[in-house]
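The primary structure of each chain is shown beneath.
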Amino acid sequence: MSLFKIDLRTAMVTGAIGTSMLLTGCGSSSSHDNTVDMRTYEISVSNVTPNQPFSPVAVILHTPGYQAWVDGEAASSALEILAEEGDNSNLLSNAGDHSAYLAGDSGAGIIGPGSSENVQLEADVQNGVNLSVVTMLVNTNDAYTGINASSLADLASGDSVSFRAPVWDAGTEDNTEAAGTIPGPADGGEGFNAARSDNSDRVRFHSGVISNQDGLSGSVLTADHRFDNPAAVITITRLN
Ligand SMILES: [Ca+2]
Ligand SMILES: [Ca+2]
């Protein structure tokens, strides 16, 4: 993905003068008039959990038509892999192949509790612009947080908007919290397993981890691995 990002930014530099001229003149035009409307967004992802490092974030700009997940429906295989072992490459690759895709990137690495990371993306938003962000809480079986197809179309240049992201259960692995099943530092166990051991097999809000201090025998987690919502605060600033 990094090579792709460099290519995009090179294109932006060469097109910068034309972009600002077009932006000046497009205030009353429709969003489907084939007028190039390049915008740059800075997406800041802050981890506000006590002890749940985030896997490298997947950050995707897209038009309406793509969703990283659907509440109550089965997770895609790409989301299953991200939610179970923190690998965002399949999700980003699949998004990149989608007709609604505008731009995307991976975060540089793990975002620890109390830390944040900024990712910048540039895209032509003439047909609309939504943002999806996905990252795993790595000391869980298959919990993730993020936002799903949130519209940025009305965000004015220089303005920011923040989302408080809850925790989702991918519904692809039982929340046993058992030794050998959690890939994060609390366990060092298995990441992705193609089996769907959660019989519901549907995405839903996460009911929380229990931990061995709250009575789940066999859990490798302790009370500090518990979380409240939100798990992440995601702030988007439109830079131009
Ligand atoms: Ca689960
Ligand atoms: Ca699985």
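For the structure itself, look to the data block above.
All figures in this text were calculated on a predicted structure; none of them were measured in a lab.

Basis of the calculations
Residues numbered from 1 in each chain as written. Chains lettered and ligands numbered in written order. Predicted model: local features only at pLDDT ≥ 70, side-chain atom pairs only at ≥ 80, totals over all residues. Helix = DSSP H or I, 4+ residues; strand = E, 2+ residues; numbered from the N terminus. Pairing = 2+ DSSP bridges. Axes fitted to C-alpha atoms, helices over the stretch in contact; angles between N-to-C directions.

Student: Mind laying out unusual backbone geometry, listing which residues take part and the relevant values?
Tutor: With an omega dihedral of 0 degrees, the bond running from asparagine 229 to proline 230 counts as a cis peptide bond. With respect to the helices and strands, the residue proline 230 is situated in the loop between β9 (204-205) and β10 (232-238). The phi dihedral of aspartate 201 falls on the positive side, at around 45 degrees, and the residue is not glycine. In this model, serine 211 sits at a positive phi of 80 degrees, which is unusual for a non-glycine residue. Along the chain, serine 211 falls in the loop between β9 and β10.

Student: Describe the sheet that holds strand β4 (residues 116-124), and please don't skip the residues or the numbers.
Tutor: Strands sit in the order β4-β1-β10-β7 across an open sheet of four strands; the sheet is antiparallel. If you trace the sheet from one side to the other, it starts and ends with β4 and β7 (160-165), each paired once. The sheet shows a mean angle of 20 degrees between the axes of neighbouring strands, direction not considered. As judged from the seven bridges shared by strand β1 (residues 38-47) and β10, these two strands associate in the antiparallel manner.

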